[in-house]
Amino acid sequence: MLRSIGLAALGLIILKCPCIAAQHRIEALTPAFGHSIAAGDSTLAIGDPSAGGGSGMIWTYRQNPQGGWAPALTLQGTANDSLGYSLAADGHLLVAGAPGNRRAYFYDLRDNQLPQPLSFVTQDTDGYGRAVAVHGIFVAVSSPADQFGRGRIDLYIQSPQNEWNWMQTLNGESGGEAFGHALAMDSETLLVGAPQAYEPRGERAGLAYIYERTSGSDWRLQAELRGGSAGYEHAFGSSVALGTYDQYMRAVVGAPGASLAYIYTLGMSDWEQTYSFTPVPPVPSTDAGTSIALAEDHVVIGAPSSSSAQHGFVWVLRLDELGAGSRRVNLQGGATFGHAIVAWKDQYAITEPGIAVHIFAKNNVLSRNEAPEPIKLEAYPNPFTESITITLSSNAPDQLFITDIYGRLITSIARKGQNHIRWYPSVLAAGMYIISVGKTSKPIIRLP
């Protein structure tokens, strides 16, 4: 059973954790240095689409045997390219979006390559290249606001001759949903964020879609994800991450409009929401979920400030085998800290555009000032009349208890793995009662 902690204790941890120093710091070279970031084989790529008068630039750094980072290739776009608006890397392949000229470029990051692209793809679609994803021989390139207003994603496959051949085009369900605003790919699975989509309750809360390659060039929709508590303009799907670790495939989706991030785990056949994250206690003027990275058993969630007078924050979550946050660590930087994040096996890099890129060692962060993830307990409607829905975070114990204000047990309820429990008390007098799970409790009121 995980131990919950009080808000005061968590506040102390938040004050301590910013002292965790970055292992390395790469100073910014331009005012928007760090707009995007990607990591390949011992290589970091850092983008600024506004550099060079809008042509865009990408700076690459290679890790040396001593663990430091040294400048390598510098990649520059053509006029109006906005090269580096989006970046994705896998192995030695770097994919860079250039939406100014509706393109995506492919680069080889190995030492013996020149800074010219291997090739590029283009479509006559506004904003093409605003998001990119790559895994193995597959690449996805999106235009969230194409000329038809539905959003467009093109899937490409690499040939043995290193040519990139178009496979399939995916489109959003309706206009204005920003389909393809964020992309992530793992194996033959694609995660697509659509932060302006209408979800089933009729609210423009945002959706995320999961596609899988079924055969040949056929990619099919397998699941629609939505945040359990995401509401109007929560922008669910603004950031996404996808990865497999220890035989579990997981998806992470940010909803910065509500400072939330959701974790989903693929079970035997379906995707199940296994955790939802929100800063506790709340951090004002930050948008948690603006950026997300997933690597092995940990998730990194960025919350740059929405006010220049505030700090930016980044949370590192360690996941248990069920996909719930079992530990969290908080990092703090300047206002733009957390704008973009990339994570890989033992490190993660966090951008603070115009200031620096901060590189942290995973073990250094997760071994210091670790805090058990607090249990979240909500109940609605409250007050209630006939029934009440109890919502628990996934790290809550399996048994919850309802007592009167004197501590006398009214009933106990087994969660059975559920995060949402509907309770219909048959005989219960009007008054105040207490729901308890672990060391977390919440008062509820039944009306006459």
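Cut-offs used in this document
Position numbers for residues count from 1 along each chain, tracking the sequence in the order it is written. Residues qualify for local features only when their pLDDT is at least 70, as the model is predicted, and side-chain atom pairs are given and counted only at 80 or more; totals for whole chains, interfaces and linings, by contrast, use all residues. To obtain the side-chain values, all non-hydrogen atoms of the structure were included, while hydrogens and water were left out. On a range of 0 to 100, pLDDT expresses the predictor's confidence in each residue. Any two residues whose heavy atoms approach within 4.5 Å are treated as being in contact. Only strands joined by at least two bridges in the DSSP assignment are considered to pair. Segments assigned H or I by DSSP are reported as helices when at least four residues long, segments assigned E as strands when at least two residues long, and all are numbered from the N terminus. For helices, the axis comes from a line fit to the C-alpha atoms of the stretch in contact; other axes are also lines fit to C-alpha atoms, and the angle between any two N-to-C directions lies between 0 and 180 degrees. We call a residue buried when its accessible area falls under 20% of the maximum for its residue type, exposed when it is over 50%, and partly exposed in between, using a 1.4 Å probe and counting protein chains only.

**A closer look at the confidence of the model for the protein chain**
Step number 1: Model confidence for the protein chain is summarised by a mean pLDDT of 86, while 90% of its residues fall at 70 or above.
Step number 2: Note that pLDDT drops below 50 for residues 1-18; the model gives that stretch 29 contacts with residues more than four away or on any other chain.

**What about the sheet that holds strand E5 (residues 69-76)?**
Step number 1: With antiparallel pairing, the four strands of this open sheet are ordered in space as E2-E3-E4-E5. Taken across any chain shown, the strands that pair with only one partner, and hence form the sheet edges, are strand E2 (36-40) and E5. Geometrically, the sheet is characterised by an average inter-axis angle of 20 degrees between neighbouring strands, direction not taken into account.

**Section: the pairing of strand E18 (residues 239-245)**
Step number 1: Taken across its seven residues, E18 has five buried, putting it largely inside the fold.
Step number 2: Relative to strand E19 (residues 248-255), E18 runs antiparallel, the two sharing seven bridges. Counterpart to Val240 in the pairing with E19 is Val253.
Step number 3: Connecting E18 to the antiparallel partner E19 that follows it, the hairpin turn spans two residues, and Asp246 within it adopts a positive phi of roughly 55 degrees.

**Overview of the sheet that holds strand E14 (residues 182-186)**
Step number 1: An order of E14-E15-E16-E17 is seen for the four strands of this open sheet, with the pairing classed as antiparallel. On the outer flanks of this sheet lie E14 and strand E17 (218-225), each paired with one strand and no other. Taken over all neighbouring pairs, the strand axes of this sheet differ in orientation by 25 degrees on average, direction set aside.
Step number 2: In this sheet, strand E15 (residues 189-194) lies alongside E14 in antiparallel orientation, the contact comprising five bridges. In the strand pairing of E15, Ala182 is matched with Gly193.

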